[in-house]
Amino acid sequence: MRFLTKLLVGCFFIVYLGGCNPQSNTKTVTTDVIDSSLCQFQQGECKLNVNGVELGLMINPVFTPSEKPLSIDLHFSIPVTDVKMRIEGRDMFMGVIPVNLTAEKNSNNSHFKGSAIYGSCSSNYMVWRALINYVVDGEPQSTWFDFLADNK
């Protein structure tokens, strides 16, 4: 009886596992999926329209590296006041990074520059959110831009 059981188990492994071939002909296809909701600074300024006001954000270096100085340009289609900006992690708390913006000379309060540095994340996919608060004609407004860190 033991011999018969061993024979059946042996046949099972030969028949069902014999098709396992480490040199399989299947191909693995990898694609770089681009999240269209994220800013792609490699393609130029990231733009939004909020209540009829066009905003544009540009960050350099365009691949937004972690732990490196970032140069930030923020444009508005009309003059605005009380502009404030901060950067936070979109999907995880990474602290709050304030961005000190200054109005460019002769821009009539429509073009602002600043700089920031944010930390690195242990995952290979860290989305940051630039939160913008500003005032148009006495009315407070806010919006955000999402972008990927280390976006090579």
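Residues numbered from 1 in each chain as written. Predicted model: local features only at pLDDT ≥ 70, side-chain atom pairs only at ≥ 80, totals over all residues. Heavy atoms only, no water.

As for the overall build of the protein chain
Argument step 1. Within the protein chain, the secondary structure is distributed over one helix and nine strands.
Argument step 2. Mapped in sequence order, the helices and strands of the protein chain form the string α-β-β-β-β-β-β-β-β-β.
Argument step 3. A total of 152 residues make up the protein chain; the buried ones form 36% of that total.
Argument step 4. The long-range share in the protein chain, meaning contacts at least 24 apart out of those at least 6 apart in sequence, stands at 57%.
Argument step 5. Accessible surface, the protein chain: about 10300 Å² in total, of which carbon and sulfur atoms supply 54%. (Helix = DSSP H or I, 4+ residues; strand = E, 2+ residues; numbered from the N terminus. Buried < 20%, exposed > 50% of the residue type's maximum accessible area, 1.4 Å probe, protein only. Contact = heavy atoms within 4.5 Å. Areas by Shrake-Rupley, 256 points an atom, 1.4 Å probe, with all protein chains shown as cover.)

Observations regarding the sheet that holds strand β7 (residues 111-116)
Argument step 1. Strand order in the open sheet formed by five strands is β1-β2-β3-β7-β6, with antiparallel pairing between adjacent strands. A strand with exactly one partner marks an edge of an open sheet, and here the two such strands are β1 (46-50) and β6 (102-103).
Argument step 2. Alignment of strand β3 (residues 70-76) against β7, held across six bridges, turns out to be antiparallel. When the bridges of β7 are listed, D73 appears paired with K113. (Pairing = 2+ DSSP bridges.)

Remarks on the confidence of the model for the protein chain
Argument step 1. With 78% of its residues at a pLDDT of 70 or more, the protein chain has an overall mean of 83.
Argument step 2. Across residues 11-31, where pLDDT falls below 50, the model places two contacts with residues more than four positions away in sequence or in other chains. (pLDDT = per-residue confidence, 0-100.)

Observations regarding the nonpolar core
A general feature of soluble globular proteins is that nonpolar side chains tend to end up buried together.
Argument step 1. Ranked by internal contacts, the top residues of the largest apolar core, which has 33 residues, are F76 and I87.
Argument step 2. When residues of this core are traced back to their parent elements, those giving at least two are β1, β2 (53-60), β3, β4 (81-89), β5 (96-99), β7, β8 (127-136) and β9 (139-148).
Argument step 3. Excluding residues within four positions of it along the chain, I87 makes contact with I72, G95, V96, I97, V99, A116, Y118, W128, R129, A130 and F147. (Core = buried A, V, L, I, M, F, W, Y, C linked by side-chain atoms within 4.5 Å.)

Things to note about the packing of aromatic side chains
In this description, a pair of aromatic rings is defined by centroid distance and the angle of the planes.
Argument step 1. Throughout the structure, instances matching the rule amount to five aromatic pairs.
Argument step 2. Arranged with centres 6.2 Å apart and planes meeting at 40°, the rings of Y118 and F147 form a pair that is tilted. In this pair, Y118 sits in the loop between β7 and β8 while F147 sits in strand β9, placing the two residues 29 residues apart along the sequence. F147 carries the same exposure label as Y118, and that label is buried. (Phe/Tyr/Trp six-rings, centres within 6.5 Å; stacked < 30°, edge-to-face > 60°.)

Digging into the state of the cysteines
Argument step 1. In this structure the tally under the stated criterion is one disulfide.
Argument step 2. A disulfide bridge connects C39 with C46, and the sulfur atoms are separated by 2.1 Å. In this structure, the disulfide formed by C39 and C46 twists by about -80° around the S-S bond and is classed as left-handed. Of the two residues, C39 and C46, neither departs from the other in class, the shared state being buried. (Disulfide = S-S within 2.5 Å.)

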